[in-house]
Amino acid sequence: MLVFDRENWPYHRFWCWAVVVATGAAVLWYVAYGGLFGGSWQWPGGSSPPGFTFGVMGGAIIAFEMLLWPRKSLWRGWRLGRTKYWLTAHLWLGLLTLPLLILHGDFRFDPSRSTLAVVLMWLTVIVVFSGVLGAVIQNIVPRMMLDRVPAETIHAQIRHVLAQYRDEAEQLVQATSGSAQAAVESTPTPVETGRRIGRAASMTILEPATPRHVADSEALIAFHREHVEPYLAARSGAKSALASPRRAGALFQALKANLPDPAQAVADRLAELCDHRRQFDLQARLHAWLYTWLAVHVAISIALFVLMIFHIVMALKYV
Amino acid sequence: MSETGKQRRSRIELGYYRRPDAAARRRGRLVLLALVAAGAWVAAAPAWEGGAAGVRLFQQSRLASRGPLAGPHAMWDSSCEACHVPLAPMSDSRWRPALAWSKGAADRKCQTCHAGPPHHKNQLERDVPSCAECHKDHRGRDSSLLAMADAVCTSCHGDLERHADPSAGTLATAAHATEFDADPAHHPVFTPPPSGDDSSVGRILFSHGRHMAEGLVSAPGGAAFRYGSLEPADRERYGWSAGRDGAPVQLRCDSCHRLEVTPAAANPELAQAIVPTANGVMQPVRYERDCRACHPLDIDPKAPDRRVRHGLAPSVVADDLRRYYTAQAVLAEPTLLGRYVPARPMPGRPAPAQAEQAGKAADEKTLIALKRLFGTAAVDQARGGQDLPLGRGGCVECHEFKTMSRPLVDLEAAAGLAMKPVVARSTWYESAWFNHTPHRALECASCHPGATEAGEKIERILPKVEDCTACHAPARTRNGRAEGGAGMSCVLCHRYHNGDEPGGGLAATARMPAVPMTLEQFLSGGPTQSRDR
């Protein structure tokens, strides 16, 4: 689900205006209390009426923001409103914490004074900006994934799928270019590769090109040994000649020129498998973009939450 | 040969989601790291107390404190409870309604060291803020605990009629003060203390205009007072230089008016050095230091070294002089001591003629000396002969008589003489505080314009609001010249506590803490925090 698309914008419009209005009101109160409109200006501190109010609001919002995790993982079946609405509120309220807590923290980012306050300020900034970055990435990367990775699979299953590709390529090549005995042995039969869970079972059907031995197709074996097999087996295929679509195209073109017509379809299938591998590499990179920010966002949020609780306790004790 | 979506799906393991993927595992490790780091900081902070500068950023006091304490409180930077009462707000004024159980708790802590006497007797209880409402700390070592917004003052002084208890007496200050400028509607005009109403208090008969004139002449063309008339030890102080004995004396303001100073006597090399005190007030003018060189209390031209001590009552001066002249007579004729002279005339035993004559001579000399000090026309002539500006001379040149029962024609009349006491002021505007030290670069006449004019009155010499607002005003440009920009907050000139006794200052008895503390109690924040209690 894209966060901001034409369909979702109506849900965000209310929150967007609410955040703008709340920020404006907070700034207005802050500068009015500080004496901007008459009198000498003094920065209202965190314990001033506006500063304290913003601190309480910011703390309450952070506590709410933290609830998104149990909402998505622990309370999934509960009737607590759709996760989509929770995410919308999470986004916009999280954005609102930045002005509120900067006003509460007296614009202080200098560690020479109160280290905890400054660390909290910087953590808040990092959390909010990582969240904003995440929202932007979530709007861009899925589109790219859709356009550029048509063979997309589940990220955690990439290595599993590649292992199947490797087996399939091996069987195809052996059946086409190996000995006649090997061709018979490599006749594809439905193989149950999934696990049985209750009544459900997954079956992986290896259905390659017709396993027919083709004479004078030894070049296929050499090509497979030299390029395809290492590329499909490698943890990172970036160094392979097949990682580049142009070079891969040229290599397969050259291979096909040396193959008789009946083996052309096998070469095409190998090219397709390699193309999938390239897409999986791209998918892995996009996936890293899509979720690395989240790791930073969550980890820093946890640190922020822990230190915020300590800050609240100390602030109330020595108010 | 290309795969269908169904074929692709069929390659996926059914229970794949039961195992966390690499991204989730990475996220879990990061969360754990963040938790450990945050917890370690909180847990290990006490161990970093007093560590090296880099480590100090993580110490415990930095976890709770919003910033370093001001210099005067620096020793309690790591002792929160020296000033804070746990769970009691520092400022009750801000946390209304104040929590009943903690009301005033923090103020009492402050008052362990600072008595904080009331502002005025007619202030209303509800208007009295907490200590921390005005004195904000944790703003850095160099911050001022007196720096506060004008609104703290103008919240009451903007409309004092609503914030004063009329039953406690009439207001001694303006009813409306909203900001400092030359508009009387915003800030009251400066008012010197009333003079002349109390006939028992004397004033110095003094003309700034005459003293600032070259040669101290009383009128153009009059006899000038020259450096040669001063004793050699005094000349340099009044601007003399070698070869200028015949030059007329030219006084400057600092010939008599000097900043209050602290002698730096601890260091022998700096024994002569003096530094201005923090208050920056002018020392009161004192006769011995500022007047004696030109106005010596001579009693006899034949005894130029013999002078009367300043500050004695006339009757005491008369007794001293009588003893002096009697002693002089005995020194001249020691045989006088060998003859019995009864205290009062006795029948058949007349006083020896020589002793009687000596007594009368001493009385006469005493009377002449008293007249010289307490004024006759003859003395004016004598002073004229010494090339001094004409004046009455002696004590009455500057002081007024309190009582004079009869003319000074005999010694008995001296017993009835009394001078009006003089209050030597170093502060004229008692409700405000002024530091001369930062203003030393200015000519005195910039703020005291009437000081060099003849016939001046004190009202003309003391500065007015307009003299201050040339600098103490918002920054502006007038006729192409930058003006203003200096501070203009209320606390620049005014202090809050002990307002009914503004002259008391920080050392006033009312500001003393109730119970003196031992050093250990002091460092731990007061008697209640002491380990020995």
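Residues numbered from 1 in each chain as written. Chains lettered and ligands numbered in written order. Predicted model: local features only at pLDDT ≥ 70, side-chain atom pairs only at ≥ 80, totals over all residues. Heavy atoms only, no water.

*Asks:* Help me out: how do you make sense of the overall build of chain B in this one?
*Replies:* In terms of helices and strands, chain B carries 18 helices and six strands. A buried classification covers 30% of the 533 residues belonging to chain B. Total accessible area on chain B stands at roughly 32100 Å², and carbon and sulfur atoms take up 58% of it. (Helix = DSSP H or I, 4+ residues; strand = E, 2+ residues; numbered from the N terminus. Buried < 20%, exposed > 50% of the residue type's maximum accessible area, 1.4 Å probe, protein only. Areas by Shrake-Rupley, 256 points an atom, 1.4 Å probe, with all protein chains shown as cover.)

*Asks:* Just checking my understanding: could you explain the side chain of Gln264 of chain A for this structure?
*Replies:* Residue and element names in this part refer to chain A. Residue placement: Gln264 occurs in helix α10 (residues 264-317). Residue Gln264 is classed as buried on the basis of its relative accessible area, which comes to 18%. In this view, Gln264 contacts Lys256 and Leu259; residues no more than four positions away in its chain are not counted. (Contact = heavy atoms within 4.5 Å.)

*Asks:* Sorry if this is basic, but what is going on with the interface of chain B and chain A here?
*Replies:* One frequently used descriptor of interface size is the decrease in accessible area upon assembly of the parts. At the interface, 49 residues of chain B touch 61 residues of chain A. Of the roughly 4700 Å² buried where chain B meets chain A, counting both sides, 61% is carbon and sulfur surface. Run the count over chain B and chain A and you get two salt bridges. The shortest N-O distance in the salt bridge between Arg11 of chain B and Glu168 of chain A comes to 3.0 Å. Summed over the shared surface of chain B and chain A, the number is six residue pairs in polar contact (both at pLDDT 80 or more). Broken down by secondary-structure element, the contributors of at least two residues to the side of chain B that touches chain A are α1 (5-10), α2 (22-44) and α4 (60-64) of chain B. The element best represented in the side of chain B that touches chain A is α2 of chain B, accounting for nine residues. (Buried area = accessible area lost by both parts, 1.4 Å probe. Salt bridge = Lys/Arg side-chain N within 4 Å of Asp/Glu carboxyl O. Polar contact = N/O pair within 3.5 Å; in protein donor to acceptor, adjacent residues only side chain to side chain.)

*Asks:* Just to check I follow, could you spell out helix α5 (residues 115-148) of chain A for this structure?
*Replies:* Three- or four-residue spacings in an α-helix give side chains the same orientation, since the helix completes a turn every 3.6 residues. Compared with the 50 Å implied by 1.5 Å per residue over 34 residues, the 46 Å span of α5 of chain A between its first and last C-alpha is a close match. At Ile137 of chain A, α5 of chain A shows its largest kink, close to 30°. (Expected span 1.5 Å × (residues − 1). Bend = angle between axes of the 7 residues up to and from the residue.)

*Asks:* Whenever I open this one, the environment of Pro260 of chain A confuses me. Can you help?
*Replies:* Residues and elements named next belong to chain A. Along the polypeptide, Pro260 turns up in the loop between α9 (245-257) and α10. When the C-alpha atoms of Pro260 and Ser217 are compared, they prove to be 6.7 Å apart, with 43 residues separating the residues in sequence. When sequence neighbours within four positions are dropped, the list of residues in contact with Pro260 reads Val214, Ala215, Asp216 and Ser217.

*Asks:* Sorry, what's going on with the packing of helix α1 (residues 9-34) of chain A against helix α4 (residues 83-104) of chain A here?
*Replies:* All names here are of chain A. Taken N-terminus to C-terminus, the directions of α1 and α4 make an angle of 15°; their axes are 10 Å apart at the nearest point. Classified by the interaxial angle, the pair formed by α1 and α4 is roughly parallel. Crossing hand, α1 versus α4: right-handed. Along its contact with α1, which presents Tyr11, His12, Trp15, Cys16, Val19, Ala22, Thr23, Ala26, Val27 and Tyr30, the element α4 presents Lys84, Tyr85, Thr88, Ala89, Leu91, Trp92, Leu93, Leu96, Pro99, Leu100 and Leu103. (Axes fitted to C-alpha atoms, helices over the stretch in contact; angles between N-to-C directions. Parallel < 35°, antiparallel > 145°, perpendicular 65-115°, else oblique. Left-handed = near helix turned anticlockwise from the far one by under 90°.)

*Asks:* What should I look at first to understand the pattern of salt bridges in this one?
*Replies:* A side chain of one charge can pair with a side chain of the opposite charge when the charged atoms of the two come close. Residues and elements named next belong to chain B. Summed over the entire model, instances satisfying the criterion amount to 27 salt bridges over all chains. Across the pair Arg162 and Asp159 runs a salt bridge, and its minimum N-O distance is 3.7 Å. With a shortest N-O distance of 3.2 Å, Glu483 and Arg476 are connected by a salt bridge. Judged by relative accessible area, Glu483 falls into the buried class, the value being 13%. For Arg476, a relative accessible area of 27% gives the class partly exposed.

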